[in-house]
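Residue strings, one per chain:
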Amino acid sequence: MTFAYVCIVIALILPMIWAGIAKKESKIPINNNAPRDHIRHLQGRAKNAYGVEQNSYESFPPFAIAVIVAHLTGGTQLTIDILAGLYIASR
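Everything numeric here is computed off the predicted structure, so don't read it as measured data. Note that residues are indexed from 1 along each chain, following the sequence as it is written. Under the rules for a predicted model, residues below a pLDDT of 70 receive no local features and side-chain atom pairs below 80 are neither given nor counted, while totals for whole chains, interfaces and linings still include all residues. Water and hydrogen atoms play no part in the side-chain values, which are based on all heavy atoms of the structure.

## Notes on the nonpolar core
Logical step 1: Here the nonpolar core consists of buried residues drawn from Ala, Val, Leu, Ile, Met, Phe, Trp, Tyr and Cys, with membership extended through side-chain atoms lying within 4.5 Å. Here's how the labels work: a residue is buried when its accessible area is under 20% of the maximum for its type, exposed when over 50%, partly exposed in between, all with a 1.4 Å probe on protein chains only. Counting residues in hydrophobic clusters, the biggest one holds 13 residues, and the most contacted among them are I8, A11, F63, V67, A84 and I88.
Logical step 2: Of all the secondary-structure elements, those providing two or more residues to this core are α1 (3-24), α2 (44-72) and α3 (77-90).
Logical step 3: It only takes one pair of heavy atoms within 4.5 Å for two residues to be counted as in contact. Apart from the residues lying within four places of it in its own chain, the contact partners of A11 are F60, F63, Y87 and I88. Helix numbers and strand numbers start at the N terminus; a helix is a DSSP run of H or I with at least 4 residues, a strand a run of E with at least 2.

Quick look at the structure:
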């Protein structure tokens, strides 16, 4: 498994980490009967973590497709790894 493929797995896990931070930092308790009601009350770090979580969901598919296509078309492995690592570092 190449480093770029490992980055895909990491990128898949990152939204869950950010969701945990957003829920942990929330000032109001989370109600499982209405799990999205707490979102409008988020402030500060929790609100930022929620935004990063949503951005991670949005940017994951193009990233994963780009890595897979780069591998399939025979791109230079070092370049693919560096770009995938930069994506993860920017998250």
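## Describing the packing of aromatic side chains
Logical step 1: Paired rings are identified among Phe, Tyr and Trp, the last through its six-membered ring, by centres lying within 6.5 Å, and are further divided according to the angle between planes into stacked (under 30 degrees), edge-to-face (over 60) and tilted (the rest). All told, the structure shown has 1 aromatic pair when counted by the stated rule.
Logical step 2: When the ring of F63 is compared with that of Y87, the centres are 3.9 Å apart and the planes differ by 10°; the resulting orientation is stacked. Linking F63 in helix α2 with Y87 in helix α3, this pair joins segments that are 24 residues apart in sequence. Just as F63 is buried, Y87 falls in that class too.

## Examining the packing of α2 against α3
Logical step 1: At a closest axis distance of 10 Å, the pairing of α2 and α3 adopts a crossing angle of 170°. The orientation of α2 relative to α3 falls into the category roughly antiparallel. Contact with α2, carried on its side by S59, F60, F63, V67, A70 and H71, involves Q77, I80, A84 and Y87 of α3 and no other residues of that element.
Logical step 2: A class-by-class count of the residues in the contact of α2 with α3 yields 7 nonpolar, 3 polar and no charged. Angular values range over 0 to 180 degrees, each being the angle between N-to-C directions of two axes fitted as lines to C-alpha atoms, with helices fitted over their stretch in contact. In these notes the angle categories are as follows: under 35 degrees is roughly parallel, over 145 is roughly antiparallel, 65 to 115 is roughly perpendicular, and the rest is oblique. The classification used treats Ala, Val, Leu, Ile, Met, Phe, Trp, Tyr, Cys and Pro as nonpolar, Asp, Glu, Lys and Arg as charged, and all other residues, Gly among them, as polar.

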